[in-house]
Structures are given as C-alpha cells and as structure tokens.
Amino acid sequence: MKILNSIPKNDGYYMPAEYDKHYGCIIIWPERADSWQYGAVKARKAFSEVAKAISKSEKVTVLVNYEAYDTAREMLPENIRVIEMSSNDSWARDYAPTFLKNDKGKIRGIDWYFNAWGGLYDGLYFPWDKDNKMAKKICDLYDIDIYNMSNFVLEGGSIHVDGEGTIITTEACLLSKGRNPNMSKTEIEEKLKNCLGAQKVIWLKRGIYNDETNEHIDNICAFVAPGEVVLAWCDDKNDPQYKMSKECFNILSKETDAKGRKLKIHKLPQPEPIYMTKHECDGLINFEGEPTRTETERLAASYVNFYISNNAIIMPGFNDKNDIKAKEILKNIFKDREIIQIYARDILIGGGNIHCITQQIPYFKET
Ligand code: KQY
C-alpha cells in the first residue's frame, strides 16, 4: 500500500456510484456499550442479517475488536470473512475508506480525518483514534493505495455520488462548526470535487430531524440511477420533518446534475416517529461527559438508509405501516434487484442504519 499526497481528480480517479458493480463490502462488528443496548446482542443479530443478505452477491468482510472475535465468528456463516481490527464503534460508512476507481479498473482509497461527527465541539464520543486509523488499515489489508486527506474532516455518510460527476450533501453537516470551521463553502466544494473526481455539488440544507450526525445526506436522499434520487418524505405538516423534506424537494426540483439533466425525484415515505423506550435506555451504559440517549427521544428513522448490493437492496424495516409501501417504491425503481427488508430498530438505536454500517468496495481485478 502506498500513501499518496496527490489529487485524485488529477490522477484520473473518481468515486463510482453505489449501484455500480461491487467487489465486496466492509462491516464493523457492534460492541460499544453506550451505542448498543444490553451487550449489543440484538444489534449483533441485526448486523448479521445485513451481512448475510449482502454476502449473497458480494464478498463481505466483518472487522471486529479482539474481545468480540469469537462471538462474531460464531454468529456469522463461513462465507463471511471475520478479521480482528480495533475500532471505537461500528460505522463502516463513515470511517472505512471512500473508494475510488479509474477507467482502467484500478481502485484507490481516501483516508479522511474522522472526529466522531464533530470532535470536541459537538462530537458523539471521545476518543475516536481507533476509528480514524481504520481506513489506512483496511487499504493495507487489501493492498490498495490510499490518498492522505487527513487535513479534511469528512464521514462517508455525508456524501452521495452518481458516478457521473455529481455529489449531493447537506449544509447542516458539511458546514457544521465541528468539522472544517476554517474552510468556506466554496473551498469545501472544491475539496469534494477534487477528491471525488466530480464536477458539481448539489447542496441540500437539512437532513432527517434529530439526526445526531448533523444530518447526513445518506439518511435523507440517495442517487438510485443517473439523474434519479429518492428523498425521505413526510406528509404531516405538524411533523418538523415536513418542512425539512419540502425544502430538499424544492432545491432538487430546480437543480440539474453535472451532465445537465433535470432530476427525477422519488418520494419515500417516512415511518411514523420512533422513540427510545425506558427499557432500551436502561440497556445502555453512558460514559461521563458524552451525549446519551433519553427516554422518548425521537430516533432518526428513514427508509432512505439502504445499501445497494450487486443483486439486492438491503433496506430497513421498522414494523411500521409504511414498511410495505417503501419496499414497493424501491422495487419499482430497482426492478432487477431483490428487495430485502431487515428489521432495523436495533441498528437505529445506535444512531444510524443499514447504509451507515456498510461500505462498498468497487469491483476491481485482483492481482
Ligand atoms: O453515520 C451514522 N449515521 C452513524 C452515527 C452514529 C453516531 C454514534 N452514536
């Protein structure tokens, strides 16, 4: 593995869309006592279901701390590789490398700086050193060269791309004070375009209500094809999400992508609001000085937080009346892929969902 200090765009590298062909997927095993209730038992079952669904069509590698290795190996089938690697928590989307490819089928990674969604300003835990080292370790594991972008704070869940020159993100997250406070919006935009080999950034203002990541894009809006997005939608005018989604819709409907296409917007309904219960809060161990979950706290549930595997869409379900409706909408969009819905409340309690716990590796030729 070589560490590169050049600019990906100048080297001919760009981030492919998630619906492009994958080599595999990385997942990090849940363990942290303030994220995963009651020793992470239910979370581990949900993570295993996600890993199994993805492994039907791509190679899944699960990374796990020493202490939980035996449990992970026991719970996961043989076709899923389990490797010991230290982490602080389990959000592969945010701190596994962002992978890029070039036109010759070669791939490279990006090592952004990770500061637990806002560092000492409004981050969610401290320390985050093990998470921050994972991108480099993962590239070393696969012998993939990696761009050093440690002067820029970014999580993978805060960007989506169409693989044809367009990036979408939210201002609430990327312009937040806990990430790159000394950079202007224009400078951040240039950095994204240079790193991801893109020509255009579409900025939405906000994401999902009460999303503790400062409102990552991957919970509110995602590309499903060139020129097409899904957007989390809410019809209830009394719900704070109503205005937030409407504002996103207004921006998207006036925008064009990097190739000048108008965007087709598919609305994906939200589940009814989901709140933490006392029982769930009692199952978490809270660390002094860090944000905690509270009873009746609204969780940032969204069907948009799905993973696109080679032959399926792995989407969350919440035992909600909109589970079936959301599944049908995705089936109509992804006609050639199976739609696998996994009950995801036990992932949601940790603060994210299926997209947040996965990171795809684009298809590449092994040497
Ligand atoms: O990317 C995510 N949505 C993960 C957020 C986890 C926050 C820690 N509880």
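Refer to the structure above for everything that follows.
Residues numbered from 1 in each chain as written. Predicted model: local features only at pLDDT ≥ 70, side-chain atom pairs only at ≥ 80, totals over all residues. Heavy atoms only, no water.

1. Concerning the overall build of the protein chain
Scanning the protein chain for helices and strands turns up 11 helices and 17 strands. For the protein chain, the C-alpha radius of gyration of 19 Å lies close to 21 Å, the compact-globule estimate for 367 residues. Per-residue burial over the protein chain gives 61% buried out of 367 residues. For the protein chain, the proportion of contacts with a sequence separation of at least 24, taken over those separated by at least 6, is 75%. Of the roughly 15300 Å² of accessible surface on the protein chain, a fraction of 47% belongs to carbon and sulfur atoms. In the protein chain, 49 positive and 54 negative side-chain charges are present, and the distance between their average locations comes to 5 Å. (Helix = DSSP H or I, 4+ residues; strand = E, 2+ residues; numbered from the N terminus. Rg over C-alpha atoms; globule rule 2.2 N^0.38 Å. Buried < 20%, exposed > 50% of the residue type's maximum accessible area, 1.4 Å probe, protein only. Contact = heavy atoms within 4.5 Å. Areas by Shrake-Rupley, 256 points an atom, 1.4 Å probe, with all protein chains shown as cover. Lys, Arg positive; Asp, Glu negative; His and termini not counted. Charge placed at Lys NZ, Arg CZ, Asp CG, Glu CD.)

2. A few points about a positive patch on the surface
Judged by side-chain charge, Lys-130, Lys-133, Lys-136 and Lys-137 come together as a positively charged surface patch. Its place among the elements puts Lys-133 in helix α5 (residues 129–142). Classification of Lys-133 by relative accessible area gives partly exposed; the value is 48%. (Patch = residues over 30% accessible without salt bridge, like charges linked within 9 Å, V, L, I, M, F, W, Y side chains within 5 Å. Salt bridge = Lys/Arg side-chain N within 4 Å of Asp/Glu carboxyl O.)

3. What to know about helix α8 (residues 240–254)
When the terminal C-alpha atoms of α8 are compared, their 23 Å separation across 15 residues agrees well with the 21 Å that a helix rising 1.5 Å per residue should span. Restricting attention to buried positions, one finds in α8 the residues Gln-241, Tyr-242, Met-244, Ser-245, Cys-248 and Leu-252. Against the buried residues of α8 lie β10 (200–204), β11 (221–225), β12 (228–233) and β13 (264–269). By the N-cap criterion, in which a side-chain oxygen at the helix start approaches the backbone nitrogen of a residue two or three places on, α8 is capped by Asp-239, the distance to Gln-241 being 2.8 Å. (Expected span 1.5 Å × (residues − 1). Polar contact = N/O pair within 3.5 Å; in protein donor to acceptor, adjacent residues only side chain to side chain.)

4. Describing the packing of aromatic side chains
Enumeration over the complete set of coordinates arrives at 13 aromatic pairs. Considering the side-chain rings of Phe-114 and Trp-117, the 5.0 Å spacing of their centres and the 90 degrees angle between planes classify their relative orientation as edge-to-face. According to the relative accessible area criterion, Phe-114 is buried, its value standing at 1%. For Trp-117, a relative accessible area of 4% puts it in the buried group. Taken together, the aromatic side chains of Tyr-95, Phe-114, Trp-117 and Tyr-125 make up a single cluster linked through ring pairs. Residue placement shows Lys-267 over the ring face of Trp-233; its charged tip is 4.2 Å from the ring centre. (Phe/Tyr/Trp six-rings, centres within 6.5 Å; stacked < 30°, edge-to-face > 60°. Lys NZ or Arg CZ within 6 Å of the ring centre and 35° of its normal.)

5. Examining the site of the ligand
Around the ligand sit Trp-91, Asp-94, Trp-117, Leu-124, Glu-212, Thr-213, His-216, Gly-350, Gly-351, Gly-352 and Cys-356, and that is every residue in its neighbourhood. The backbone of Gly-351 places a nitrogen or oxygen atom 3.3 Å from a nitrogen atom of the ligand. Expressed as a share of its isolated accessible area of 300 Å², the protein-covered part of the ligand is 95%. Its residues placed into classes, the shell around the ligand shows 4 nonpolar, 5 polar and 2 charged. (Near = heavy atom within 4 Å. Nonpolar A, V, L, I, M, F, W, Y, C, P; charged D, E, K, R; others polar.)

6. Brief notes about the nonpolar core
Among the nonpolar cores identified, the biggest contains 57 residues, and Ile-27, Val-50, Ile-138 and Ile-314 are the most heavily contacted of them. Among the elements of the structure, β2 (22–28), α1 (41–55), β3 (59–64), β4 (81–84), α3 (92–95), α5, β15 (312–317) and β16 (338–343) are those that each provide at least two residues to this core. Take this core: its biggest share by element is 7 residues, from α1. Membership of the second largest hydrophobic core comes to 43 residues, among which are Val-229, Ile-265, Cys-281 and Phe-306. (Core = buried A, V, L, I, M, F, W, Y, C linked by side-chain atoms within 4.5 Å.)

7. A look at the sheet that holds β11
Strand order in the open sheet formed by 3 strands is β11-β12-β13, with mixed pairing between adjacent strands. Among the strands making up the open sheet, the edge pair consists of β11 and β13. Strand-to-strand twist of the sheet, defined as the mean angle between neighbouring strand axes without regard to direction, takes the value 30 degrees. The sheet contacts of α8 involve β11, β12 and β13, and relative to β12 the element is tilted by about 160 degrees. Relative to the sheet, helix α10 (residues 322–333) contacts β11, β12 and β13, its axis offset from that of β13 by approximately 155 degrees. (Pairing = 2+ DSSP bridges. Axes fitted to C-alpha atoms, helices over the stretch in contact; angles between N-to-C directions.)

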